[in-house]
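Geometric and topological summary
These are the residues of each chain, in order.
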Amino acid sequence: MCGIVGYIGNNNAYDILIKGLHRLEYRGYDSAGVAIVSPEGQLNVYKSMGKVSNLEAYCKDKNKEGVIGIAHTRWATHGEPSDCNAHPHFSEDGNIALVHNGTIENYKVLKEALLQHGCRFHSDTDTEVLVQLIEYIRLTNNCSLLDAVREALKEVVGAYAIAVIEKNNPDQIIAARKSSPLVVGIGEDEMFLASDATPIVEYTDNVVYVKDEEIAVIRRGEPLKLVNLENQEAEIDVKKLKVSISELEKGGYDHFMLKEIFEQPRTLTDCIRGRVVEDGRRVLINGVSDNKEKFINAHRIIIVACGTSWHAALLGKYLIQDMCRIPVEVEYASEFRYSNPVLTSNDVVIAISQSGETADTLAAIQIAKKMGAFVYGISNVVGSSIPRETHSGTYIHVGPEIGVASTKAFTGQVMVLTMVALAIAELKGTMTQEQIAELGKVITKIPDLVSQTLKLNDKIKHLSLIYTYARNFLYLGRGYSYPVALEGALKLKEISYIHAEGYPAAEMKHGPIALIDAEMPTVIIAPNDHLYEKIVNNVQQVKARHGSVIAIVTEGDTEIRNMADHVLEVPEVPECLTPIITSIPLQLLSYYIAINKGKNVDMPRNLAKSVTVE
Ligand code: F6R
């Protein structure tokens, strides 16, 4: 939700900022802006509604000279997307410019007070309140920008990652964070800041992840300084980035989403590397073995997550219950946090988040920790907030996911949950060594089996043409295929804007069956598992009502093949591993339908990759 970038050094700030905004565009793309202090001492602020490319077109003939600047790509919260609501916002006297990711919850109260003091506002945003407050404090107390920012942030309730520059002092950027991410990159004679490391990676691999309520003082010719709101200095912990540029580019694919779908054989290999070893006989998950007692003695596991990660969580429930015989509950993080949950120190909470920044999931973690539960994180982004907030955890290691619709992160999450379940099962003795080794062996083959499944690409591309103009879709699955149905429906609706519902197949007769007619395609996920015969009935029920059926079945299937309108055959794997395989054709189907409709699959409307607001 919103991306911020900043630069100070000897190079042209505009080029670096625009490139950075393109990298962060997945975080929001309804408007963008830059503020640069020119060599003549002007603070030039340019903003434009729409994508970063609109901003570039707008800036074409403008003065973009300068070696210090900040920039922003917005996902609107307060105030509609418009030029004037776009960031950077600047102070009444035009001296200070600020970009912000997050929400200032008490902005109305602050705005009221500032209006009383004669401040004027030009936008509907919460952010403008912050820049006016900083200016007001700066002028009233005749203090430095750093002190004004510190004092202003003490007044603020909410979440923020901000970067502030001033015209009269073009040698410093003040940046700060609370609950929204902020990374500082340290180069030679230059420094960068951004919401995540992707705009920084091509310039330096030395980064500092700013912590909550820390302020970064980034001054030309001086080392980075971190202070807290009381101006006490904090330690600088420089980390090495491990992301490569090629991971941030499309690599010959038309879209990041397609690239990420096709990357899955490699990302799954990375995900299991060093974890499923000795030809599958051993599953090593350090976060589990290091906290053996917590998992062995857990009375209950509660998994919290949002969106696609919540679908992975549902699969986690089936996996852990089946393999470890521990009761598992799955909660939307947004509901959990306000549900007055009952937790004890015998509970283990698993929080799943690709970005590691989702506000609701972070809040759920904080509640769980406060109540004494052991909290385990499953994330993709190294150094993000959720791995830092949790007691322990596992990275999925699938590389940066840029397409807004999650694909490789989902399969990575499911793979990690499978390995975590196996590791706990081994500790608890709920599975024999032979059973573990049997599954472990198949896990090592999953990347190849995903490659085989991806060969369905052309068939699905063709099939998608038949269904491009369907107005509704139903996705059905049972057992391990039910969360896959939910995920398939979510994928379709987010990128093609076709209404799609996922249901447990047996629930169909309790209501959704009323929707079935010749206009309503149903996607049925029916691998060869212990519920296969049950789902055959659902296929019959849909066909009896003239509905068309696209079925995902195991290679060699004959029964459903004879009934369904279209079948997509996937390789056979043990039931608990089917979701990783069956989700692949659903990703491709939604991709091609959206492409046929001319939609922007990488940046679907209204969505953002990292949901750092409630
Ligand atoms: C859908 C999608 C979202 C995210 C959700 C949680 O394709 O990506 O539903 O899964 O916003 O995000 P994370 O996993 O970053 O917490």
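Residues numbered from 1 in each chain as written. Predicted model: local features only at pLDDT ≥ 70, side-chain atom pairs only at ≥ 80, totals over all residues. Heavy atoms only, no water.

This brings us to the environment of R74. Of note, R74 is situated in strand β4 (residues 68-74). Assessed through its relative accessible area of 2%, R74 is described here as buried. Between the C-alpha atom of R74 and that of L607, which follows or precedes it by 533 residues, the distance is 11 Å. Among the polar contacts made by the side chain of R74, one reaches the main-chain carbonyl oxygen of E80 at a distance of 3.3 Å. (Helix = DSSP H or I, 4+ residues; strand = E, 2+ residues; numbered from the N terminus. Buried < 20%, exposed > 50% of the residue type's maximum accessible area, 1.4 Å probe, protein only. Polar contact = N/O pair within 3.5 Å; in protein donor to acceptor, adjacent residues only side chain to side chain.)

A few words on the site of the ligand. Close contacts around the ligand come from 15 residues, with S309, S353, S355, T358 and E494 the closest. One of the side-chain N or O atoms of T358 is found 2.4 Å from an oxygen atom in the ligand. Contacts to the ligand include K491, whose side-chain N or O atom sits 2.9 Å from an oxygen atom. Bound to the protein, the ligand loses 89% of the 400 Å² it would expose on its own. Of all the elements in the fold, those that place two or more residues in the shell around the ligand are α10 (307-324) and α17 (481-496). Taken together, the residues that form the shell around the ligand break down as five nonpolar, eight polar and two charged. (Near = heavy atom within 4 Å. Areas by Shrake-Rupley, 256 points an atom, 1.4 Å probe, with all protein chains shown as cover. Nonpolar A, V, L, I, M, F, W, Y, C, P; charged D, E, K, R; others polar.)

With the rule as written, the count across this model stands at 28 salt bridges. The closest approach of N and O atoms between E213 and K178, which form a salt bridge, is 3.5 Å. Here K178 lies in strand β8 (residues 169-178) and E213 lies in the loop between β11 (206-209) and β12 (214-219), a separation of 35 residues in the sequence. Taking relative accessible area as the criterion, E213 reaches 33% and is therefore assigned partly exposed. As a salt-bridge pair, E487 and K491 come within 2.7 Å of each other at their nearest N and O atoms. Residue E487 and its partner K491 are located together in helix α17, separated by four residues, close to a single helical turn. As far as burial versus exposure is concerned, E487 and K491 are alike and both buried. In the salt-bridge network here, residues are joined through shared partners; they are K259, E263, R266, D270, R273 and K408. (Salt bridge = Lys/Arg side-chain N within 4 Å of Asp/Glu carboxyl O.)

Running from N to C, α10 and helix α14 (residues 408-428) cross one another at 20 degrees; their axes reach a closest spacing of 9 Å. As the angle between them shows, α10 and α14 are arranged roughly parallel. Crossing geometry of α10 relative to α14 is assigned as right-handed. The segment α10 lies against α14, with T308, S309, H311, A312, A313, L315, G316, L319, I320, M323 and C324 engaging F410, Q413, V414, L417, T418, A421, L422, I424, A425 and K428. (Axes fitted to C-alpha atoms, helices over the stretch in contact; angles between N-to-C directions. Parallel < 35°, antiparallel > 145°, perpendicular 65-115°, else oblique. Left-handed = near helix turned anticlockwise from the far one by under 90°. Contact = heavy atoms within 4.5 Å.)

On to the packing of aromatic side chains, then. All told, the structure shown has ten aromatic pairs when counted by the stated rule. With a centroid separation of 5.5 Å and an interplanar angle of 45 degrees, the aromatic rings of Y318 and Y480 are classed as tilted. Of this pair, Y318 sits in helix α10 while Y480 is found in the loop between β23 (472-477) and α17, placing the two residues 162 residues apart along the sequence. Look at Y318 and you get partly exposed, because its relative accessible area is 25%. Members of the aromatic cluster, each reached through a chain of ring pairs, are Y7, F192 and Y203. The ring of Y14 is capped by K64, whose NZ or CZ atom sits 5.3 Å from the centre of that ring. Its guanidinium or amino end placed over the ring of F121, K111 lies 5.0 Å from that ring's centre, counting from NZ or CZ. (Phe/Tyr/Trp six-rings, centres within 6.5 Å; stacked < 30°, edge-to-face > 60°. Lys NZ or Arg CZ within 6 Å of the ring centre and 35° of its normal.)

This paragraph deals with the sheet that holds strand β21 (residues 374-379). Read across the sheet, five strands follow the order β19-β18-β20-β21-β22 without closing on themselves; strand pairing throughout is parallel. Two strands close off the open sheet at either side, each with one partner strand: β19 (328-332) and β22 (392-395). Taking the axes of each pair of neighbouring strands and ignoring which way they run, one obtains an average angle of 20 degrees across the sheet. Packing against the sheet, α10 makes contact with β18 (300-305), β19 and β20 (347-353), and its axis sits at approximately 175 degrees to β19. Its contacts with the sheet put helix α12 (residues 359-370) on β18, β20 and β21, and the angle it makes with β20 is roughly 165 degrees. (Pairing = 2+ DSSP bridges.)

Coordinates in, geometry out; function isn't part of it.
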